[in-house]
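Descriptive structure summary
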Amino acid sequence: MTPGSTLANLTALWAARDCAGVTEVVASDMAHLSIAKAAHILGLKLRQIPTTPTGAMIEDALPSDLSRSALVLTAGTTSTGAIDPLALGGRAAWTHVDAAWAGPMRLTRLSDRLDGIEKADSVAVSAHKWFFQPKESALVFFKDVEKAHAAISMGGTYLAVPNVGILGSHGAMAIPLLATLMAWGREGMAERIERCLDVAESIAKLVNDDPRLELLAWPVTGVVNWRPKDTSVFDAWHQALPEALVSTTTLRGDRWFRNAVANPMANPLAISEAMKCVPL
Ligand SMILES: Cc1ncc(COP(=O)(O)O)c(C=O)c1O
């Protein structure tokens, strides 16, 4: 476990560099900025691959030779929740899936949306997103745990056991996640994620049914992007909508509202109520 997916991604790419001898990180231009940070820290070149209008990596734009590359595929991009083509796993010297947002969907009835993730050499998942944990809780999984741990472990004469990964001292960060899993079970966890997905679909439907609004795409991982068709009223809407109801993101120069549904108790009607108050 790591305190967040920024460190989970860095840890995974550290293992990629030292296990597979990669010299570059190949990721989409919608990958989270933690990937660029990790490449920078690890002294790896970063090559960015263009994306579709809804934010998934364009497979045909990948370089043919990935023999010295760590290919990073995102499962649930930060801006739009898009899933990169996970079937690409295994094509590069190392494949890392940044599943910070959508990884837990693998436990749900929509698990097949993440098919291909099993081909990855490493996977990062935030527990403080769809495992409903307090912030600073993430997991990094390795296909070959022994090899990866050997690459990212360092010992010292003053240590009883080597440090595995970046952290030295750390708290018992697995306890809240363990407690949650014991209380809810795998099914309870899945059921809450499915409720989030349902809320996202209700928001998308609400947007589709309102002639004033435009939906970017039907949500696949619980992230909904929408905006007024008349984009000149975007700022007025932003001011009128209750704080924390939506965030915003910019895609190809255009601003969109964004709902990343992380609260299974969220009420989509709150959005429709709020919309009654915004200027036409
Ligand atoms: C896809 C993705 N990767 C990585 C991160 C970084 O996670 P953290 O904020 O836990 O460091 C985020 C956070 O939003 C994310 O959405």
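Residues numbered from 1 in each chain as written. Predicted model: local features only at pLDDT ≥ 70, side-chain atom pairs only at ≥ 80, totals over all residues. Heavy atoms only, no water.

Digging into the pairing of strand β10 (residues 223-228)
Condition: Burial classes follow relative accessibility: with a 1.4 Å probe on protein chains only, a residue under 20% of its type's maximum area counts as buried, one over 50% as exposed, and anything between as partly exposed. Think of it this way: any DSSP run of H or I at least four residues long counts as a helix, any run of E at least two long counts as a strand, and we number them from the N terminus. The pairing criterion for strands is at least two bridges between them, as found by DSSP.
Of all 6 residues that make up β10, 6 are buried, and the element is covered over most of its length. Pairing of strand β9 (residues 213-215) with β10 involves 3 bridges; the strand directions are antiparallel. Considered in β10, the bridge of Leu215 is made with Trp226.

Comments concerning helix α1 (residues 5-20)
Rules: Multiply 1.5 Å by the residue count of a helix minus one, and that product is the helix's expected span.
Relative to the 22 Å expected for 16 residues at 1.5 Å per residue, α1 spans 21 Å between its end C-alpha atoms, a close match to the ideal helical length. Here α1 has its buried residues at Ser5, Ala8, Asn9, Leu10, Thr11, Ala12, Leu13, Trp14, Ala15, Ala16 and Cys19. Backbone geometry just downstream of α1 places Gly21 in the positive-phi region, at approximately 65°.

Looking at the packing of aromatic side chains
The geometry of two aromatic rings is summed up by the distance between their centres and the angle between their planes. Just so we agree on the cut-off: Aromatic pairs are defined between Phe, Tyr and Trp rings, using the six-membered ring for Trp, whenever the two ring centres lie within 6.5 Å; interplanar angles under 30 degrees are classed as stacked, those over 60 as edge-to-face, and all others as tilted. Think of it as a cone above the ring: NZ of Lys or CZ of Arg counts as a charge over the ring if it is within 6 Å of the ring centre and within 35 degrees of the ring normal.
Scanning all chains against the criterion turns up 5 aromatic pairs. Centre to centre, the rings of Trp101 and Trp130 are 4.6 Å apart; their planes meet at 35°, and the pair counts as tilted. Linking Trp101 in the loop between β4 (94-98) and β5 (122-126) with Trp130 in the loop between β5 and β6 (138-142), this pair joins segments that are 29 residues apart in sequence. Given a relative accessible area of 0%, Trp130 falls into the buried group. Consider the rings of Trp226 and Trp237, whose centres lie 6.4 Å apart with planes at 65°: the pair is edge-to-face. You can see Trp226 sitting in strand β10 and its partner Trp237 sitting in helix α5 (residues 234-240), a full 11 residues away along the chain. The structure contains a cluster of three or more aromatic residues connected by ring pairs, namely Trp226, Phe234, Trp237 and Phe257. Positioned above the aromatic ring of Trp256, the side-chain terminus of Arg227 is 4.1 Å from the ring centre.

Thoughts on the pattern of salt bridges
It is possible for side chains of opposite charge to pair when their charged atoms get near one another. Counted only if it meets this: For this document, the term salt bridge refers to a Lys or Arg side-chain nitrogen within 4 Å of an Asp or Glu carboxyl oxygen.
Throughout the structure, instances matching the rule amount to 14 salt bridges. In this structure, Arg17 engages Asp18 in a salt bridge whose closest nitrogen and oxygen atoms are separated by 2.9 Å. On the basis of relative accessibility, which here comes to 28%, the residue Arg17 falls in the partly exposed class. Residues Arg227 and Glu214 are paired through a salt bridge, measuring 3.1 Å at the closest nitrogen-oxygen approach. Placement of the pair is Arg227 in strand β10 and Glu214 in strand β9, with a sequence separation of 13 residues. For Arg227, a relative accessible area of 11% translates into the label buried.

These values are about where atoms sit, not about what they do.
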